[in-house]
Amino acid sequence: MAENTAGAHGAEAAQGEGGGLVFHPMDQFIVKPLFGDGAVHMFTVTNVTLWMALAVLCVIGLMVLGTSGRGIVPGRLQSVAELAYGFVYKMVEDVSGKDGVKYFPYIMTLFLFIVFANFLGLLPMAFTTTSHFAVTVVLALAVFLGVTILGFVKHGTRFLELFWVSSAPMVLRPVLAIIEVISYLIRPVSHSVRLAGNLMAGHAVIKVFAGFAAIAAVSPVSVLAITAMYGLEVLVAFIQAYIFTILTCVYLKDALHPHH
Amino acid sequence: MATETTASTASACVGPNGSAIGMPQLCGDWVWNQVFWLVLALVAIYFVLTRVALPRIAAILAERQGTITSDLAKAEELKAQAEEAEKAYEKALADARVEAGKIAEQTRAEIRAQVDEAQAKADADIAAKTAESEKQIQEIRASALANVEAVAKDTAEALVAALGVSADKVTVDAAVDKRIEGQR
């Protein structure tokens, strides 16, 4: 509580200076109601709702409207939709194996949501839904719980062989098992923090550079830096979606084939 | 904390001036809102994908694969047909050439036969004409000889008569014949 009030006073002080540097790099992540400004409850329509809805609309636009022509020779949008389909399908097939293809729609859902949320977040004034831990943790937990339950349903207690490294010497196996279990349990954390952290950091850095643009002397450098960071963020937006998806495939492979 | 939030600040994580306090990502007030809308969005995407998009794209890809495969097969077939046609054409050409050679040979033989026939006929005609001519000459010669004999006999009889020797006709003729025999 004390820290919060101190922060508030600090911010006030920063604004009070007037004309000085004003950094609010984290303000872009504030969740606020779309209509009016009451408190945010569970079902309140917020900027989260708006940008997730836009992501859903983009997915529908690409995957449904884009393929409505059903052309043997695809148009532009249909090519992209087919490319996305083929990209994720091949990833699932290559990483998780043939029996992983059954779970392709779930992985496709994750990939498309993340990739569109990431790219929409790059629009100026946009709200990046995937920069929030609340969002990525739900995504990562869904994957974690999903593959863990799937592993136990498919293999029963033999799923625990995943932690028992049978190729290691007998003495080392218990130690390795502990390490394996810890690394397994840490998966949802790394899985979610990687995505949210990357996006949050990139967007915050852009905002910091934007703050420097207020100083005439450094503003050209600042604008150049923003441009460069933006280019990097475009890359990050795709790469993080890709990493999230391919890790999901890897986890799925562990659930389907737990034997080392 | 709750006492500090005024009506205008919607959350404990937002300061009175509207800027964030700390990391908005760690603000507990918004978590369930985000989770709710996220789940809704994911379910929406999942249903759109499984009901419409993915089966459609799979169908498109399968159709394309099928079209490509059938097109390749058709191309293969057409190529085979073309090769067959070429073979047939070449065979027809060779046949025609052989036929033409045969016809030319036959015509040549026919012409030669006709020429031979005409020549033979001409030869025969010539031979016949020659024979006839010879025969006529023979006849003329024979008649001439006969005339000569008659004239000789008459002359001889006249001479004998003029000389005043009486001699019968038969004896004179025999003597003339003998002389002519001797001349020949």
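Scoring rules and cut-offs
- Residues numbered from 1 in each chain as written.
- Chains lettered and ligands numbered in written order.
- Predicted model: local features only at pLDDT ≥ 70, side-chain atom pairs only at ≥ 80, totals over all residues.
- Heavy atoms only, no water.
- UniProt positions renumbered as here; feature names shortened; annotations may be inferred.
- Helix = DSSP H or I, 4+ residues; strand = E, 2+ residues; numbered from the N terminus.
- Rg over C-alpha atoms; globule rule 2.2 N^0.38 Å.
- Buried < 20%, exposed > 50% of the residue type's maximum accessible area, 1.4 Å probe, protein only.
- Contact = heavy atoms within 4.5 Å.
- Patch = residues over 30% accessible without salt bridge, like charges linked within 9 Å, V, L, I, M, F, W, Y side chains within 5 Å.
- Areas by Shrake-Rupley, 256 points an atom, 1.4 Å probe, with all protein chains shown as cover.
- Salt bridge = Lys/Arg side-chain N within 4 Å of Asp/Glu carboxyl O.
- Lys, Arg positive; Asp, Glu negative; His and termini not counted.
- Charge placed at Lys NZ, Arg CZ, Asp CG, Glu CD.

- As annotated in an unreviewed UniProt entry, chain B is ATP synthase subunit b from Roseivivax halodurans JCM 10272.
- Quoted straight from UniProt, the Sequence similarities (unreviewed entry) entry for chain B says "Belongs to the ATPase B chain family."

- Under the annotation held in an unreviewed UniProt entry, chain A carries the name ATP synthase subunit a and is attributed to Roseivivax halodurans JCM 10272.
- Checking UniProt for chain A, the heading Function (unreviewed entry) contains the comment "Key component of the proton channel; it plays a direct role in the translocation of protons across the membrane."
- Of chain A, the UniProt comment under Sequence similarities (unreviewed entry) reads exactly: "Belongs to the ATPase A chain family."

### Digging into the overall build of chain B
- Helices and strands together make up the secondary structure of chain B, namely two helices and zero strands.
- A compact globule built from 184 residues would reach a C-alpha radius of gyration of about 16 Å, whereas chain B, at 69 Å, exceeds it by more than 25%.
- Taken along its principal axes, the extent of the C-alpha atoms in chain B is 210 × 30 × 20 Å.
- Out of the 184 residues belonging to chain B, those deemed buried represent 19%.
- Counted over contacts in chain B with a minimum sequence separation of 6, partners at least 24 positions apart contribute 19%.

### Some points on a negative patch on the surface
Residue and element names in this part refer to chain B.
- On the surface, a cluster of negative charge is made up of Glu 76, Glu 83, Glu 86 and Glu 90.
- Topologically, Glu 76 is positioned in helix H1 (residues 31–163).
- A residue is classified by how much of its surface remains accessible, and Glu 76, at 54% relative accessible area, is exposed.

### Observations regarding the UniProt feature "transmembrane region" (unreviewed entry) in chain A
- As annotated by UniProt and renumbered to match this structure, "transmembrane region" (unreviewed entry) occupies residues 48–66, 103–127, 133–153, 162–186, 206–227 and 234–253 of chain A.
- Helix makes up 56% of residues 162–186 of chain A and strand 0%, and the two end C-alpha atoms of the span are 15 Å apart.

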